Amino acid sequence: MRTEEQQAAIDSFKTETKVLIRARAGSGKTWLLCEIAKENPNKRAQIIVFNKKNQEEMSSRLPQNADGKTCHSFCNKFVKGTIDRVGNKMWRIIYPSYNFKQDGLTKEEESSVREDFNSMKGLTSLCKSYFLDPKPDDIIFLLSHYDITFTVPTDKVISDCIRFVKESDNDDSCKDFDDMIRKAVLNNSIRPNFDMFFIDEAQDNTPVRSLMLEQLSRKGVQVGAVGDDRQAVYGFAGADCESLNKIIDLIKPNVMPLTINFRCGKQIIEYAKKIVPDIRAFDGSVDGVVSNIDYDEFYRLISDGDVAISRYNKVIIPICFKLIKEGRKATIQGRDFGAMLIKMVKDFKAKDIDEFYISIERWKDRQLKYCKSESATEAINDRFECLRYFADNSNTVEDIIKKIDSIFNDTKEGIKLSTAHKSKGLEWRRVFILDYNNFKMNKGLKPWQLLQEENLEYVAVTRAKENLYLVN
């Protein structure tokens, strides 16, 4: 039985060539995309999903006339060159100008050049995802928007970044992950063998991905974007937090709402309304419960199959250790963060725990020296506190690596712990939000970052199907 909103959204693809569906959390957007494809059996549909896991989940549900791919996988076949597996393309382009291994540098100077080099890598990656033909004002926007700092003059940063992007665009010998999408759009080389084209999770689009919709529309393809602007939480990673509004400005689509949440209990949706007023509960949903509890009650209540969500990894790692020491099975969602920590441990090349402590202290001091935003400072402190906690509970450096690998294991059952970012797209019957009274950052943030903090709270709250516990 379809709701009026669902039927209207499905019907819109029978008459409209450009549609944007603003779908609130738990409103069944994956089901909707499958239904749109089924309702148009004579049209071939291409759906762009957020990641490989989403692709695997959707593939089993799509009809024969539809195909789901990640954006990188879809665009790659239209781009020349082989994948730079070791990721050294931009290193090779940037390094000569930011050579932190040159003779005659003091330790302090070497550290400074290395930080500039890493900042430039991040800046050029953002530029490749934002602008097809970057201008000086574009670079200034990125520097300000993302609080990227350098020790060299800003004029040099601007000219270097534009030059590095153009060198990368002209180099077809290999391609990095930014090129896989960028060059397909830059060269307008996508040859559609489909009639309908959808971008799922469009709230986390980059500007270059949004331009792809316009290009395909001009080629006669029926295009659609599906997303929830209040689930835009990846602005820190280069996603455009105004993506849906910019898609509306760019292609002028017919905008359709999906506001009914089928996942959460009615009381949970009433609570979510404090953040996103237009979300609604399905009439047939359970009542659900929202409870405020303390940590003693949290440890008493949490059991296998539950999830505990936090804003920071530094909150959930000690809790995971405590649960394990109590003989309970507990793991942390997000193997990529675990892999990043392991790489950091190995890169320090510390011979023993004492040397490791010295290395992470130096790393933190070096990183904080160039931080100008609260969010960047929090990210560095989060990694530092995580590494220090692992060291506090290990006897050797090798033991640190083993412990990280053990708890960042997504395949184990039991109690799951997760950051709010990693919980996106998932659901559990019972959800505990940790340190809820301090969940959102609110100091030193720009308006778009403050909105992302609200969005992150909304994401966390709407993961719960029956019981939501706010742990203070």
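The notes below deal with the structure included here. No experiment lies behind these values; they were computed from the predicted model shown.

Before going further, it helps to spend a moment on unusual backbone geometry. Even without a glycine there, the phi angle at Lys 349 is positive, about 55 degrees. On the secondary structure map, Lys 349 appears in the loop between α15 (335-348) and α16 (353-369). On the basis of relative accessibility, which here comes to 63%, the residue Lys 349 falls in the exposed class. Even without a glycine there, the phi angle at Asp 435 is positive, about 50 degrees.

End to end, helix α14 (residues 313-325) covers 18 Å across 13 residues, agreeing with the expected 18 Å (1.5 Å per residue, within 8%). Considered for burial, the residues of α14 that qualify are Asn 313, Val 315, Ile 316, Ile 317, Ile 319, Cys 320, Phe 321 and Leu 323. Gly 327 sits one or two positions beyond α14 and adopts a positive phi of about 85 degrees.

To continue, consider helix α10 (residues 207-218). The end-to-end C-alpha separation of α10 is 17 Å, in line with the 16 Å expected for 12 residues at 1.5 Å each. Counting buried positions along α10 gives 9 out of 12 residues, so the element sits mostly inside the fold. Within the sequence span of α10, burial applies to Pro 207, Val 208, Arg 209, Ser 210, Met 212, Leu 213, Glu 214, Gln 215 and Leu 216. On its buried face, α10 is in contact with α4 (71-76), α6 (107-130), α9 (177-186), β6 (196-199), β7 (222-227) and α11 (243-251). Immediately downstream of α10, the backbone of Gly 220 shows phi near 90 degrees, a positive value.

Evaluation of the coordinates by the stated rule reveals 30 aromatic pairs. Here Tyr 95 and Phe 117 contribute two aromatic rings whose centre-to-centre distance is 6.2 Å and whose plane-to-plane angle is 90 degrees, an arrangement assigned as edge-to-face. With Tyr 95 in the loop between α5 (89-94) and α6 and Phe 117 in helix α6, this residue pair connects regions lying 22 residues apart in the sequence. The same class applies to Tyr 95 as to Phe 117, namely buried. One aromatic cluster in this structure is built from Tyr 130, Phe 131, Phe 141, Tyr 146 and Trp 448. Sitting above the plane of the Phe 384 ring, Lys 364 keeps its charged end 4.3 Å from the centroid. For Lys 424, the ring lying beneath its charged end belongs to Phe 50, and the centroid distance is 5.5 Å.

Definitions and limits used
- Residues numbered from 1 in each chain as written.
- Predicted model: local features only at pLDDT ≥ 70, side-chain atom pairs only at ≥ 80, totals over all residues.
- Heavy atoms only, no water.
- Helix = DSSP H or I, 4+ residues; strand = E, 2+ residues; numbered from the N terminus.
- Buried < 20%, exposed > 50% of the residue type's maximum accessible area, 1.4 Å probe, protein only.
- Expected span 1.5 Å × (residues − 1).
- Contact = heavy atoms within 4.5 Å.
- Phe/Tyr/Trp six-rings, centres within 6.5 Å; stacked < 30°, edge-to-face > 60°.
- Lys NZ or Arg CZ within 6 Å of the ring centre and 35° of its normal.

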